[in-house]
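What follows is each chain in one-letter form.
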Amino acid sequence: MSLGAKLLNLGTRMSGMKKKYSLPEDQFIEEVRKMNRSRGFYMPEDRKAVYQKHEVMGHEVLIVQKQEKLSERAILYFFGGGMMIGPDKGDVDVIVKLVNRTGCDVWFPMYPLCTDHCITEAYEMAYECYRQLIERYGAGNVSTCGFSSGGALAIGIAAYNNTMKEKLPMPRHIIAVSPGEVPWNDEERAIMQKNNPKDMMVDYAFMEKVERYERHGQDDVPEFMIHISKGDLTGVDHIHFVYSTDEVLYGAKQNFISACVKYGVKYTVRERTGMIHCYAMLPYFKESKKDFEELAAILAE
């Protein structure tokens, strides 16, 4: 393990984020709201890229392009945070790297969070972004990419598409870094619980309560939005997964693989031991830089 990876691991442990995930529900929500006051939509003022503010269903979208003219292809990029925590400014830095490495334009939606909304609203907004991207860039020219709950959304868009009477073309590529879901079988729960002491960021306690947040008082939420690996992936070509073998959400890996096998979807799994949750989208140390470049190369194809 590189020195950079060790330092990031140490910093994450010292941040106290894992303890926040294990707080009682009322305290957790209060802590999340505090965090979100300094998070959310951010319009950079630098000249590293061309930035635009867009609005979809009343929610902001940051569009990042290398130049004013549209590229041939685009990426719909989803932040993580358990459907509860908004993005920070560092996410934009990573998006600029993606734009430069892939030659694609990137849409970064501020989808509604489950602190105040049902997860169905997040899917509706995300899918409308995808529809508009298909309209602008054409079939086969839009990929989905995300990390953690955003990785789940990157897959979930395909499952959501399969519930529509008039389906859109499926994503060109799907990149899912550390995608998770509410566990729904004993094997998944066992791996998550086993990895809990090793995970430096996410606590298994969050996995036991996140469904209540996602439902936000609604009983008629489609099952695949809660348990993403139960979604219909018919028509998807290839999903690229990335995991740390030491993270809690690694427990979901086999369910996703089984779903790919069931629906005839090609899949690739990149995994490393000892890495932080979503390490590949933190391209600042040796291991993450390598894997990030590999993912960017796929999105550039």
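For the structure itself, consult the block above.
Quick caveat: nothing in here was measured; it's all calculated off a predicted structure. (Residues numbered from 1 in each chain as written. Predicted model: local features only at pLDDT ≥ 70, side-chain atom pairs only at ≥ 80, totals over all residues. Heavy atoms only, no water.)

Draft legend 1. Quick peek at the side chain of glutamate 188. As for its placement among the helices and strands, glutamate 188 is situated in helix α7 (residues 186-195). The side chain of glutamate 188 sits in the buried core without any salt bridge; arginine 189 is the nearest counter-charge, 7.0 Å away. In this view, glutamate 188 contacts Glu181, Val182, Pro183, Gly251, Ala252 and Asn255; residues no more than four positions away in its chain are not counted. (Helix = DSSP H or I, 4+ residues; strand = E, 2+ residues; numbered from the N terminus. Buried < 20%, exposed > 50% of the residue type's maximum accessible area, 1.4 Å probe, protein only. Lys, Arg positive; Asp, Glu negative; His and termini not counted. Salt bridge = Lys/Arg side-chain N within 4 Å of Asp/Glu carboxyl O. Contact = heavy atoms within 4.5 Å.)

Draft legend 2. Up close: the state of the cysteines. With the rule as written, the count across this model stands at zero disulfides. Cysteine 145 provides the cysteine sulfur closest to cysteine 129, a residue in no disulfide bond, and the two sulfurs are 15 Å apart. For the unlinked cysteine cysteine 145, the closest cysteine sulfur is that of cysteine 104, found at 10 Å. (Disulfide = S-S within 2.5 Å.)

Draft legend 3. Highlighting the packing of helix α5 (residues 119-137) against helix α6 (residues 149-161). Relative orientation of the contacting elements α5 and α6 amounts to 80 degrees, with a least axis distance of 10 Å. By the angle class used here, α5 and α6 are roughly perpendicular. Touching Tyr123, Glu124, Ala126, Tyr127 and Tyr130 of α5 are Ala152, Leu153, Gly156, Ile157, Tyr160 and Asn161, all from α6. Here the contact of α5 with α6 is composed, by residue class, of eight nonpolar, two polar and one charged. (Axes fitted to C-alpha atoms, helices over the stretch in contact; angles between N-to-C directions. Parallel < 35°, antiparallel > 145°, perpendicular 65-115°, else oblique. Nonpolar A, V, L, I, M, F, W, Y, C, P; charged D, E, K, R; others polar.)

Draft legend 4. Representation of the pattern of salt bridges within the structure. Scanning the model with the defined rule gives 19 salt bridges in all. Two residues, lysine 18 and aspartate 203, come together in a salt bridge whose shortest N-O distance is 3.9 Å. Taken as a pair, lysine 18 in helix α2 (residues 17-21) and aspartate 203 in the loop between α7 and α8 (204-215) lie far apart in primary sequence, 185 residues in all. Of the two residues examined, lysine 18 and aspartate 203, each falls in the buried class. Look at the salt bridges and you will find they share partners, linking Glu128, Arg131 and Glu135 into a network.

Draft legend 5. Structural view of the sheet that holds strand β4 (residues 105-109). Within the open sheet, the eight strands sit side by side as β1-β2-β4-β3-β5-β6-β7-β8. Their pairing is mixed. With one partner strand each, in any of the chains shown, β1 (50-56) and β8 (266-272) form the two edges of the open sheet. This sheet shows a mean twist of 20 degrees between the axes of neighbouring strands, independent of strand direction. With respect to the sheet, helix α4 (residues 89-102) is in contact with β1, β2 (59-65), β3 (74-78), β4 and β5 (142-147), its orientation differing from that of β2 by roughly 40 degrees. Sheet contacts for helix α11 (residues 286-300): β3, β5, β6 (174-177), β7 (238-244) and β8; angle to β8, the most-contacted strand, approximately 165 degrees. (Pairing = 2+ DSSP bridges.)

Draft legend 6. Representation of unusual backbone geometry. Of note, the phi angle at serine 148 is positive, near 60 degrees, even though the residue is not glycine. With respect to the helices, strands and loops of the structure, serine 148 is situated in the loop between β5 and α6. For cysteine 278, which is not glycine, the phi dihedral falls at a positive 65 degrees. Locating cysteine 278 in the fold gives a position in the loop between β8 and α11.

Draft legend 7. Structural view of the pairing of β7. With respect to burial, β7 is a largely interior element, seven of its seven residues being buried. Of the two faces of β7, the one holding His238, His240, Val242 and Ser244 and the one holding Ile239, Phe241 and Tyr243 are both buried throughout. Direction of pairing for β6 relative to β7: parallel, over a ladder of four bridges. In the strand pairing of β7, alanine 176 is matched with phenylalanine 241. The pairing of β7 with β8 spans seven bridges and is parallel.

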